[in-house]
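Topology and contacts: notes
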Amino acid sequence: MSQPRRNVSERSDGAAAQAGSRAAIKVTRGRPASDGAGVRLTRVIGAPELPDLDPFLMLDEFGSDAAADYIAGFPDHPHRGFETVTYMLAGRMRHRDHKGNVGLLTPGSVQWMTAGRGIVHSEMPEQEDGLMWGFQLWVNLPASDKMIEPRYQEFPPEAIPETTIGGARVRVIAGRLDAVEGPVRAVATEPTYLDVALPPQTSVRLPLPAGHAAFAYVFEGAVGVGPGGAVRQVNRGMLAVLGDGDGVDLATGAEAGRLILVAGRPLREPVVKHGPFVMNTPQQIHQAIDDFNAGRF
């Protein structure tokens, strides 16, 4: 069990946010990993290079057209104290929990699950071949919300609004982009979650809430991130941690690029992690284990 710690934050202090374009202050690449019943994936946040980015605890990309890499799925497992966000790009994943809730994630769909006081669920492929591709992001809950009742926000692809800005096509999952608001509501960390596709030779500046932690993860092509004179190229499979500011400049060259752009309000609270439980003290972790073993979820 890990000891209490503060989330990693790429902001140096709690000073007032500075306006302007955010720089890519750190660029890292994910590591191959395995989770569930042997699903192969890439761990981007939660690896030694980037243990967390308050309020984000983990980011995994899963993607393979080899059934052996994903077919065993994620059988029943518990969560407490945080939220899981699953965004599917390709494939079909069936979700079930111990309270009888069932859902199907298809290409372009999103599930924002608030585990709160406790969920036991499974996430299993509903296909035996073909491409399975997507992301799972873990978002911390503040201490005041860790024991709330679990809930789901699930949206099919047609419920995710799209808009075009400066030639870039943007799907707005959470947060607001100009007059377009994503369907995810009432999340304590006030998240922004955008899927941004840029054609070749395109540049755009997208707003982000000042003071929020933010990252850009490129999953197709390559994208230049940051203001003029400080642009860093971020290639497929790389994540850029963004410094402070009220927006970010993105640009492509001869190659198109696509990325997820995510931001959230830092919690700046102690974090104790133990597998699928994320709490504020070791005592709360022990209680979570006891509650799970006693069937109190």
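Positions within a chain are numbered from 1, following the residues in the order the chain's sequence is written. Where local features are concerned, this predicted model is filtered to residues with pLDDT of at least 70; where side-chain atom pairs are given and counted, the filter is 80 or more; whole-chain, interface and lining totals use all residues. The basis for every side-chain value is the complete set of non-hydrogen atoms in the structure, without hydrogens or water.

All right, on to the overall build of the chain then. Scanning the chain from N- to C-terminus turns up one helix and 26 strands. Since a compact globule built from 297 residues should have a radius of gyration of about 19 Å, the 18 Å found for the chain is in line with a globular shape. Along the first, second and third principal axes, the C-alpha set of the chain runs to 55 × 50 × 35 Å. A total of 297 residues make up the chain; the buried ones form 55% of that total. Considering only contacts within the chain whose residues lie at least 6 apart along the sequence, 74% involve residues at least 24 apart. Only four residue types enter the tally: Lys and Arg on the positive side, Asp and Glu on the negative side; His and the chain ends are excluded. Charge placement uses NZ in Lys and CZ in Arg. For Asp and Glu, CG and CD serve respectively. Averaging the coordinates of the 29 positive side-chain charges in the chain and doing the same for the 34 negative ones gives two points 3 Å apart. Strands are runs of DSSP state E lasting at least 2 residues, helices are runs of H or I lasting at least 4, and numbering of each runs from the N terminus. As a reference, a globule follows 2.2 Å times the number of residues to the power 0.38, and the radius of gyration itself is taken over C-alpha atoms. For every residue, the accessible area (1.4 Å probe, protein chains only) is compared with the maximum for its type, and the residue is labelled buried under 20%, exposed over 50%, or partly exposed between those bounds. Contacts between residues were defined by any pair of non-hydrogen atoms, one from each residue, lying within 4.5 Å.

With antiparallel pairing, the four strands of this open sheet are ordered in space as 6-11-8-9. Looking at strand neighbours, the two that pair on one side only are strand 6 (74-79) and strand 9 (102-105), the edges of this open sheet. Neighbour-to-neighbour, the strand axes of this sheet turn through a mean angle of 20 degrees, independent of strand direction. Being paired, for any two strands, means DSSP has found at least two bridges between them. As defined by bridge partners, strand 6 adjoins strand 11 (residues 119-125) across four bridges and the pair is classed as antiparallel. Bridging from a neighbouring strand, Pro78 pairs with Val120 of strand 11. As a rule, the C-alpha atoms of each element are fitted with a line to give its axis, helices using only the stretch in contact, and angles between N-to-C directions run from 0 to 180 degrees.

By convention, a stacked pair of Phe, Tyr or Trp rings (six-membered ring in the case of Trp) has centres within 6.5 Å and planes under 30 degrees apart, an edge-to-face pair has planes over 60 apart, and any other such pair is tilted. Going through the model one piece at a time under the given rule, you end up with nine aromatic pairs. When the centroid spacing of 6.0 Å and the interplanar angle of 85 degrees are considered together, the rings of Tyr87 and Tyr193 count as edge-to-face. With Tyr87 in strand 7 (residues 82-90) and Tyr193 in strand 18 (residues 192-198), this pair connects stretches of sequence that are 106 residues apart. On the basis of relative accessibility, which here comes to 1%, the residue Tyr87 falls in the buried class. Each ring, one from Phe277 and one from Phe297, has its centre 6.0 Å from the other, and the planes form 70 degrees; the classification is edge-to-face. Remark: Phe297 occurs in the segment after helix 1 (282-293) and Phe277 occurs in strand 26 (residues 277-279); sequence separation between them is 20 residues. Accessibility assignment for this pair places Phe277 and Phe297 in one class, buried. Members of the aromatic cluster, connected to one another through ring pairs, are Trp133, Phe135, Tyr217 and Phe219.

We now examine unusual backbone geometry. Residue Pro55 is reached from Asp54 by a cis peptide bond, and omega for that bond is 15 degrees. On the secondary structure map, Pro55 appears in the loop between strand 4 (39-45) and strand 5 (56-64). Of note in the backbone geometry, Asp178 takes a positive phi value of approximately 55 degrees without being a glycine. Structurally, Asp178 is set in the loop between strand 16 (176-177) and strand 17 (180-181). Judged by its relative accessible area of 57%, Asp178 falls in the exposed class. For Gln201, which is not a glycine, the phi torsion comes out positive at approximately 55 degrees. In this structure, Gln201 sits in the loop between strand 18 and strand 19 (203-207).

Salt bridges are defined as contacts in which a side-chain nitrogen from Lys or Arg sits within 4 Å of a carboxyl oxygen from Asp or Glu. Considering all chains together, one arrives at 19 salt bridges under this definition. A salt bridge links Asp69 to Arg40, with the nearest nitrogen and oxygen atoms 3.6 Å apart. Taken as a pair, Asp69 in the loop between strand 5 and strand 6 and Arg40 in strand 4 lie far apart in primary sequence, 29 residues in all. Overall, Asp69 belongs to the buried group, its relative accessible area being 16%. With relative accessibility at 58%, the residue Arg40 sits in the exposed group. Here Glu126 makes a salt bridge to Arg94, at a shortest N to O gap of 2.8 Å. Taken together, the positions of Glu126 in the loop between strand 11 and strand 12 (132-140) and Arg94 in strand 8 (residues 93-97) put the pair 32 residues apart, joining distant regions of the chain. Connected through shared salt-bridge partners, Asp35, Arg43 and Asp60 make up one network.

Paired through backbone hydrogen bonds, the strands of a sheet run either parallel or antiparallel to each other. A sheet is described by the order of its strands in space; here seven strands give the open sequence 3-4-5-12-7-10-13, paired in antiparallel fashion. Looking at the sheet topology across the chains shown, the edges are occupied by strand 3 (31-35) and strand 13 (151-155). Averaged over all neighbouring strand pairs, the angle between strand axes comes to 20 degrees, with direction disregarded.

Let us now look at the confidence of the model for the chain. Close inspection of predicted coordinates is inappropriate in any region flagged by low pLDDT. Chain-level pLDDT for the chain is 93 on average; 94% of the residues reach the 70-or-more range. Values of pLDDT, which run from 0 to 100, indicate the predictor's confidence residue by residue. Counting contacts from residues 8-18, a segment whose pLDDT is below 50, to residues more than four positions away or on other chains yields 20 contacts.

Here we come to the side chain of Thr163. With respect to the helices and strands, the residue Thr163 is situated in strand 14 (residues 162-165). When its relative accessible area of 18% is taken as the criterion, Thr163 is described as buried. If sequence neighbours within four positions are ignored, Thr163 has contacts with Ala168, Arg169, Val170, Val172, Leu177 and Val180.

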